[in-house]
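# Remarks on the overall topology
Okay, here's what each chain looks like letter by letter:
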Amino acid sequence: MTQVNQSQLRPDGAGLNQATGSGPLKATSGQLEYAAEVVSCHQLNAGTYWLQIYCPAVALSCQPGQFVNLSCSQFLRRPFGVAQVDRAAGIIAIGIQLKGQGSADLAASRPGRALSVLGPLGQGFTLPQPGTEQLSSGSGQPPLLLAAGGGSGLFPLLFALHEARLQGCRTAAVLGFRSRDRVVLADSFRAVCSDGLTLATDDGSLGVRGTVATALAQLELLPGEPEGQNVARAGQAVTVIACGPKPMLAAAASWSRSRQYPCQVSLEERMACGFGLCRTCACQITREGRTEMLRVCYEGPVFNAEEVFPE
Amino acid sequence: MSLSVDLSVQVGPSRLKNPVVAASGTFGFGREAQAFMDLKRLGGISAKAVTVEPRLGNLPPRTAETASGLLNSVGLQNPGLQHYLAHELPFMQSAGFFIVQNIAGDTVEDYVQLAEALDQTAVQVIELNLSCPNVKHGLSFGAKPPLIREVTAAVRKVTTKPLWVKLTPNVTSIAEAAQAAREGGADAVSLINTLLGLAIDWRSRRPILHNNTGGLSGPAVKPVALRMVNEVYRTVDLPIVGMGGIMTAEDVLEFMLAGASCVQVGTANLLHPQAMPQIIRDLERLCQEQGIARLSQLVGQLQLW
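Residues numbered from 1 in each chain as written. Chains lettered and ligands numbered in written order. Predicted model: local features only at pLDDT ≥ 70, side-chain atom pairs only at ≥ 80, totals over all residues. Heavy atoms only, no water.

### Quick look at the pairing of strand β11 (residues 238–243) of chain A
All names here are of chain A. Burial runs high along β11: six of the six residues are buried. Where burial is concerned, the two faces of β11 agree: the one with V238, V240 and A242 and the one with T239, I241 and C243 are both buried. As paired elements, strand β7 (residues 144–150) and β11 share six bridges and run parallel to each other. When the sheet's bridge partners are listed, A147 is paired in β11 with I241. Sheet topology note: the β11/strand β12 (residues 263–266) ladder contains four bridges and is parallel. Residue pairing for β12: I241 is matched across the bridge by Q264. (Buried < 20%, exposed > 50% of the residue type's maximum accessible area, 1.4 Å probe, protein only. Helix = DSSP H or I, 4+ residues; strand = E, 2+ residues; numbered from the N terminus. Pairing = 2+ DSSP bridges.)

This is the structure:
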């Protein structure tokens, strides 16, 4: 058993690694929809909000990379990757980027607002397991989880990095923003990145000038460089996770492939139900040389990068 | 002491334990929902359309939200007849619900082949999808009464299973379409399928759906559906499976008053996983409150002004 904070486990010890198994997650509780309540909602910057929701059942079982589908003022629900979980308090947090009327309505939530929550939905990230990876890499180093994100894609990465830290992994992140005034949650990410947080801005107003791809390219493994410049130590197992715009995912996949790091990407698509019924959130996945249309909400949102971006 | 209510309904030769059937294309083959619902409580499930060959469906985006509804353009994504017979049908059989199997094709021969393959199976009703708006030939069958008659009659010859013919509302006269289905030997007509629509992203100057157009469903189409159900009920002697925007038990009562013998619930399933079990519970409660001993008494009881 890896180093796990016992408070993170359900009383029965279940739930911790459900999302890492093969095949769609089965709703063991027999319930998918929960009556929940807004705890707080505050603005992070001009177009971004942080919404905390009291929903103990989802908080208990949600895994990094999974999402919730929230009722709002519009006809359809709105899907959000879970950004933070406080299991003891029964609270989940999501990041909202203003896109249309649905996100604007949710961003205007006051404490006490009743929400219907579907979740936790989809297949999350498979995080490295320190015990086994250390043995296989022979480096004596805990594995490194490197997260690459941009746009609304950065939110679920925060949960993944936090969970990986708890499990004893090393963690690092590369996050891209348009400009300095768009940067959000930098301190929160810094707190869960043991091996450094790299920021990139399109206009160079903060951190690396350019995109996440630019910043990744500068993260070459250079033996002898001072710690902090290095994404990984020699021989260390590295797992890459990415969430954000498709070109960014492609860049993270390509960067990872050239270094033979396993990479998982979390996809977005317009969806209706969020739990596998309607088949509208289709994505093209290549498995064993064959193209399949799989559901972002059910088989995904997290897929192995090579299935989304085959060579 | 509360009144005992009989929710069962008769649709042509078929007896359903209650009038609430999952609409094809919104419920898969029932696999996903079994995790959070007792499928046997439903009146039945109209399973996702099956075609002779597997279909990958349309490219995304496949859905766009509208006022009180949504457009979809899934494009009949399904694993094809062989996979269906080997994997999906055995699952549905073991799950034990009333199976309505929706079938779709490009030609009369496709429909005949599918119906022949289903004739000796556990499928309880074959629903002919003559109306999918999201595939090349979908509307061409459903929009022409002579073709509706021809394909229904051809399928009628190869199977003794009850036939429900699912019609498109994208026609000049729904009554003529229903009459053609009756003449072809249908046991019921399912109406309405989705209304053809277009959603536009003005910023990109593109349709939101990759297929350009899609089918509109949800409460937005309910008045159109009720009107068509009632029109067919008054002019064609054939049981009706009513659908279009049903979200609540009250909606079910309205469809039955308009002339539907049973209903299908589609879009509501996508918003509320428990929509159908809730509707069934509410139907029972409403009947108790209103002193309705047999729900099927209501069929066609709408009194026009």
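### Section: the environment of A220 of chain B
All names here are of chain B. Locating A220 in the fold gives a position in the loop between β14 (213–217) and α6 (222–235). Separated by 28 residues in sequence, A220 and I192 place their C-alpha atoms 13 Å apart. Residues within four places of A220 in sequence aside, it is in contact with A67, S68 and G69. (Contact = heavy atoms within 4.5 Å.)

### Some words on the packing of aromatic side chains
On inspection of all chains with the given rule, the structure shows three aromatic pairs over all chains. Taking 5.7 Å as the distance between ring centres and 55 degrees as the angle between the ring planes, the aromatic pair formed by W255 of chain A and Y261 of chain A counts as tilted. Look at W255 of chain A and you get buried, because its relative accessible area is 6%. Given a relative accessible area of 12%, Y261 of chain A falls into the buried group. Ring centres 5.6 Å apart and planes at 80 degrees place the aromatic pair F275 of chain A and F36 of chain B in the edge-to-face group. Of the two residues, F275 of chain A sits in the loop between β12 and β13 (282–287) while F36 of chain B sits in the loop between β3 (20–22) and β4 (44–50), which places them in two different chains. (Phe/Tyr/Trp six-rings, centres within 6.5 Å; stacked < 30°, edge-to-face > 60°.)

### Remarks on the interface of chain B and chain A
Tallying the contact residues gives 33 residues for chain B and 28 residues for chain A. Counting the contacts that link chain B with chain A gives three salt bridges. When the shortest N-O distance is used, the salt bridge between E32 of chain B and R295 of chain A registers 2.8 Å. Between chain B and chain A we count nine residue pairs in polar contact (both at pLDDT 80 or more) in total. Sorting the residues of the side of chain B that touches chain A by element identifies β5 (63–66), β6 (69–72) and α8 (267–271) of chain B as the ones contributing at least two each. When residues of the side of chain B that touches chain A are assigned to their parent elements, the largest contribution, four residues, is made by α8 of chain B. (Salt bridge = Lys/Arg side-chain N within 4 Å of Asp/Glu carboxyl O. Polar contact = N/O pair within 3.5 Å; in protein donor to acceptor, adjacent residues only side chain to side chain.)

### A few points about the sheet that holds β12 of chain A
The strands making up a sheet associate through backbone hydrogen bonding, with each pair oriented either parallel or antiparallel. Residue and element names in this part refer to chain A. The sheet built from seven strands is open, its strands ordered β10-β9-β8-β7-β11-β12-β15 with mixed pairing. Looking at the sheet topology across the chains shown, the edges are occupied by β10 (208–209) and β15 (302–304). Strands in contact with helix α4 (residues 154–166) are β7, β8 (170–177) and β11; relative to β8, the strand with the most contacts, it is inclined by about 170 degrees. Sheet strands touched by helix α7 (residues 246–258): β7, β11 and β12. Its angle to β11, the strand with the most contacts, is close to 170 degrees. (Axes fitted to C-alpha atoms, helices over the stretch in contact; angles between N-to-C directions.)

### Regarding the domain arrangement of chain A
Residue and element names in this part refer to chain A. We note that the domain assignment places domain 1 (6–121) and domain 2 (132–266) within chain A. Counting from both sides, the interface comprises 20 residues of domain 1 and, opposite them, 14 residues of domain 2. In this assembly, domain 1 packs against domain 2 so that about 1,400 Å² is buried in total across both faces, 64% of it on carbon and sulfur atoms. Inspection of the region where domain 1 meets domain 2 yields one salt bridge. Here E163 and R87 are joined by a salt bridge, their closest N and O atoms 3.4 Å apart. Scanning the region where domain 1 abuts domain 2 turns up four residue pairs in polar contact (both at pLDDT 80 or more). Considering each element in turn, the side of domain 1 that touches domain 2 owes the most residues, five residues, to strand β4 (residues 78–86). (Domains from an automatic or database assignment. Buried area = accessible area lost by both parts, 1.4 Å probe.)

### A few points about the pattern of salt bridges
Throughout the structure, instances matching the rule amount to 19 salt bridges over all chains. Between R279 of chain A and E32 of chain B there is a salt bridge whose closest N-O contact spans 3.0 Å. Within this pair, whereas R279 of chain A is found in the loop between β12 and β13, its partner E32 of chain B is found in the loop between β3 and β4, the two belonging to separate chains. Here R279 of chain A matches E32 of chain B in class, with each residue buried. Beyond isolated ion pairs, a larger network of salt bridges with shared partners links R279, R295 and E299 of chain A together with E32 of chain B.

### Focus on the environment of R190 of chain A
Residues and elements named next belong to chain A. Examined against the element boundaries, R190 turns out to sit in helix α5 (residues 186–192). Taking the C-alpha atoms as reference, R190 lies 9.8 Å from L158; in sequence the two are 32 residues apart. Excluding anything up to four places from it in sequence, R190 contacts L197 and L199.

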